Each structure stands twice: as C-alpha cells, then as structure tokens.
Amino acid sequence: MNLVFEPKWDKALPDIDRQKIEQTFHHNVPAESADNPITFTPLWQARNHRSDLLVTVLINNFSRQAYSFNHSTLEYIENDTVKAREEFTLDRVLVPPDSSMPWTFIFPKSSFTNNSINLNGRLVCPKTSNDHLLP
C-alpha cells in the first residue's frame, strides 16, 4: 500500500498535517481489506463558517484498479446513526491501485439527516461498487 497525495494537496499541505497523515497511514491503515476494495481511515473532522461538515480521511484503494468518485453516495455515521448523506463527483480525485490518498469531503448542512453532530464519526460508502474502478 502506497501513500499518495493529489498534486494541489501535495503543494499546499502544512508539514504538521503531512506528519499526522503519514503517522495515521503507517499505524492505522490495514495491509488489505477482504470485505471492500474502498475503505476510509478517519483523520479529522470540523465544521466551517457555514456549518458544513468537513470530513478528512484517507481513501484506501485495495483493488488493482484506479478508483474515482463519480456520483458516489457517502454517509457520515456517528454511533451507528447516519448523520449526513451526500453524493460526490470528484474530477480531481483518482486513487491509484493499492494506494491511500487523503481527501476532505464536504457535507453541506442541507445533507444532514440529524443536526446533532459531535465530530466523532466515520465515513462509509454504503454501496461501494466496482463501477468506479477504472481499467
């Protein structure tokens, strides 16, 4: 498994954040996933000035093909309760095979299914399919 950065992230990422990402990658990303080709390892969560939810994760691609987010529905879950749901199409994000890439997913306030968000949740793709794996 390799750690890769989207080029704009690579240039703009502060050293302290890069170190946190690298530590999380080395200590928390499993070597493989038999259950799902795409998983998410949490990094941090925050709310912005518009009350949107920002969820920064490592996107882990355990497959042998690149992965893109094209009309991919993601859910933010706390205590087994879906707190936000949003569909993402990310032209800049292409996760190479056998790689992890950090990314921040922004859930607008309108995507919240429950307004009591404690910033201690996880991100899931309830219907990860091979449709987004590229040849």
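Rules behind the numbers
- Residues numbered from 1 in each chain as written.
- Predicted model: local features only at pLDDT ≥ 70, side-chain atom pairs only at ≥ 80, totals over all residues.
- Heavy atoms only, no water.
- Helix = DSSP H or I, 4+ residues; strand = E, 2+ residues; numbered from the N terminus.
- Rg over C-alpha atoms; globule rule 2.2 N^0.38 Å.
- Buried < 20%, exposed > 50% of the residue type's maximum accessible area, 1.4 Å probe, protein only.
- pLDDT = per-residue confidence, 0-100.
- Pairing = 2+ DSSP bridges.
- Salt bridge = Lys/Arg side-chain N within 4 Å of Asp/Glu carboxyl O.
- Contact = heavy atoms within 4.5 Å.
- Axes fitted to C-alpha atoms, helices over the stretch in contact; angles between N-to-C directions.

Asker: Where do I start with the overall build of the chain in this structure?
Answerer: Per the secondary structure count, the chain includes two helices and eight strands. Beginning at the N terminus, the succession of helices and strands in the chain can be written as β-α-α-β-β-β-β-β-β-β. Relative to the compact-globule value of 14 Å for 135 residues, the chain shows a C-alpha radius of gyration of 14 Å, a close match. Seen through its C-alpha atoms, the chain measures out along the principal axes to roughly 35 × 35 × 25 Å. Relative to its full complement of 135 residues, the chain shows a buried share of 43%.

Asker: Before we go on, may I ask you to explain the confidence of the model for the chain in this structure?
Answerer: A low pLDDT means the predicted coordinates there should not be read in detail. Per-residue pLDDT for the chain averages 89, and the proportion of residues at 70 or more is 93%. Of all helices and strands in the chain, the one with the weakest mean pLDDT is strand β8 (residues 133–134) (48), whereas strand β6 (residues 99–107) scores best (97).

Asker: Looking at this structure, I do not really get the pairing of strand β5 (residues 81–95). What am I missing?
Answerer: Put simply, side chains in a regular strand alternate between the two faces of the sheet. Where strand β4 (residues 66–78) lies against β5, ten bridges are found, and the strand directions are antiparallel. What sits directly across from I77, in β5, is V82. If you look at the hairpin formed by β4 and β5, you'll find two residues sitting between the two strands, and N79 has a positive phi there, around 50 degrees.

Asker: Whenever I open this one, the pattern of salt bridges confuses me. Can you help?
Answerer: Across all of its chains, the model carries six salt bridges by this definition. For the salt bridge of R85 with E75, the shortest nitrogen-to-oxygen distance reads 2.9 Å. Pair noted here: R85 is in strand β5 and E75 is in strand β4, with a separation of ten residues, a long-range link. The partner of D80 in a salt bridge is R122, and the shortest N-O contact between them spans 3.7 Å. Residue D80 is found in the loop between β4 and β5, and its partner R122 is found in strand β7 (residues 122–124); the two are separated by 42 residues along the sequence. On the accessibility criterion, D80 (72% relative accessible area) is exposed. Looking at R122, the relative accessible area reads 39%, which means it is partly exposed.

Asker: Would you mind going over unusual backbone geometry with me for this structure?
Answerer: Peptide bonds are trans in most cases, and residues, glycine excluded, mostly fall at negative phi. Backbone geometry places H71, a non-glycine residue, at a positive phi of 60 degrees. Mapped onto the elements, H71 comes out in strand β4. With a phi angle near 50 degrees, D98 is a residue other than glycine that sits in the positive phi range. Residue placement: D98 occurs in the loop between β5 and β6.

Asker: Looking at this structure, how should I read the sheet that holds strand β1 (residues 2–3)?
Answerer: The strands making up a sheet associate through hydrogen bonds between their backbones, and the pairing can be parallel or antiparallel. The strand order β1-β6-β3-β2 describes an open sheet built from four strands, whose pairing is mixed. Each edge of the sheet is formed by a strand with only one pairing partner; in this case those strands are β1 and β2 (38–47). Pairing of strand β3 (residues 53–61) with β6 involves nine bridges; the strand directions are antiparallel. Across the sheet, L58 pairs through a bridge with P102, a residue of β6. Contacts from helix α2 (residues 15–28) reach β1, β2, β3 and β6 within the one sheet, and its direction differs from that of β2 by about 145 degrees.

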